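Examining the three-dimensional arrangement
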Amino acid sequence: MAGTEKSSPIKAIRWLAKETRGFLGGFVGGLIGGLFAFSLINYTGRLATVAAADAVSIANTYIVYTTFVIAAVALLLTIAGLIFTQNFAVEKESHIAHAFSSVLEIVRTDDEKAVLLVQQAMENPRVVEYVSEALSDKISEELASWKAKAGARMRDATQEAEAVDAMFGDLSAGKNGLKEPK
């Protein structure tokens, strides 16, 4: 049963050796190659003496080379900064939408946080003014609707009463000899 075997330190060491052998081989090869190149240059090459004028030339070359390297690094960092800025600008709307939906979900599920949100919103005078106007408009709208429904019911009741009076009048004037009550 291969799946039930416990991992042992030996297996971990074997795995580490297997996974790192390329790195260690490259490191050892680079070390040996570097030592070989160093010894070859030092034992077979002639020592060059540097004249005073050559020292200034070498220093100037080094300064120019270093300036190019620093300018290249600054250019790469600037390009990376622009790319990150553009990416964040593009993703800004989705981040804001996600954050707002998260706030709405929290307000929907957590009563204490919902009450706290309303309390904080009501501390803003413009919010209080807006809520007051919205509630006044909604109450006026509801009262107008109730009044219209009551007027319609009153017209219906008036028409029904007139129809009943007319039927009663027809009956009292008719064959049965019924009289209209007073």
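What comes next concerns the included structure.

1. What to know about the overall build of the protein
Across its full length, the protein carries four helices and zero strands. Carbon and sulfur atoms make up 68% of the accessible area of the protein, which amounts to about 16700 Å² in all.

2. Considering a nonpolar patch on the surface
A cluster of nonpolar side chains, namely Val118, Met122, Val128, Tyr130, Val131, Leu135, Ile139, Leu143 and Trp146, defines an oily patch on the protein surface of about 870 Å² accessible area. For the nonpolar patch, the secondary-structure elements that each account for two or more residues are helix H3 (111–122) and helix H4 (125–173).

3. Notes on the pattern of salt bridges
Throughout the structure, instances matching the rule amount to five salt bridges. Between Arg108 and Glu105 there is a salt bridge, with its nearest N and O atoms 2.6 Å apart. Pair noted here: Arg108 and Glu105 are both in helix H2 (residues 52–109), with a separation of three residues, about one helical turn. Where Lys138 meets Glu141, a salt bridge forms, and the shortest distance between an N and an O atom there is 3.6 Å. In this pair, Lys138 and Glu141 are both assigned in helix H4, three residues apart and thus about one turn of the helix distant. Owing to a relative accessible area of 43%, Lys138 belongs among the partly exposed residues under this scheme.

4. Remarks on H3
The end-to-end C-alpha distance of H3 is 16 Å, a good match for the 16 Å that twelve residues give at a rise of 1.5 Å each. The residue sitting at the N-terminus of H3 and contributing the capping side-chain oxygen is Asp110; that oxygen lies 3.4 Å from the backbone nitrogen of Glu112.

5. Re helix H1 (residues 9–44)
Between its first and last C-alpha, H1 extends 49 Å over 36 residues, near the 52 Å set by a 1.5 Å rise per residue. Its maximal kink placed at Thr20, H1 deviates by approximately 55 degrees. Little of H1 is tucked away: zero of the 36 residues are buried.

Criteria and cut-off values
Residues numbered from 1 in each chain as written. Predicted model: local features only at pLDDT ≥ 70, side-chain atom pairs only at ≥ 80, totals over all residues. Heavy atoms only, no water. Helix = DSSP H or I, 4+ residues; strand = E, 2+ residues; numbered from the N terminus. Areas by Shrake-Rupley, 256 points an atom, 1.4 Å probe, with all protein chains shown as cover. Patch = residues over 30% accessible without salt bridge, like charges linked within 9 Å, V, L, I, M, F, W, Y side chains within 5 Å. Salt bridge = Lys/Arg side-chain N within 4 Å of Asp/Glu carboxyl O. Buried < 20%, exposed > 50% of the residue type's maximum accessible area, 1.4 Å probe, protein only. Expected span 1.5 Å × (residues − 1). Polar contact = N/O pair within 3.5 Å; in protein donor to acceptor, adjacent residues only side chain to side chain. Bend = angle between axes of the 7 residues up to and from the residue.

Worth remembering: the numbers are spatial, not functional.
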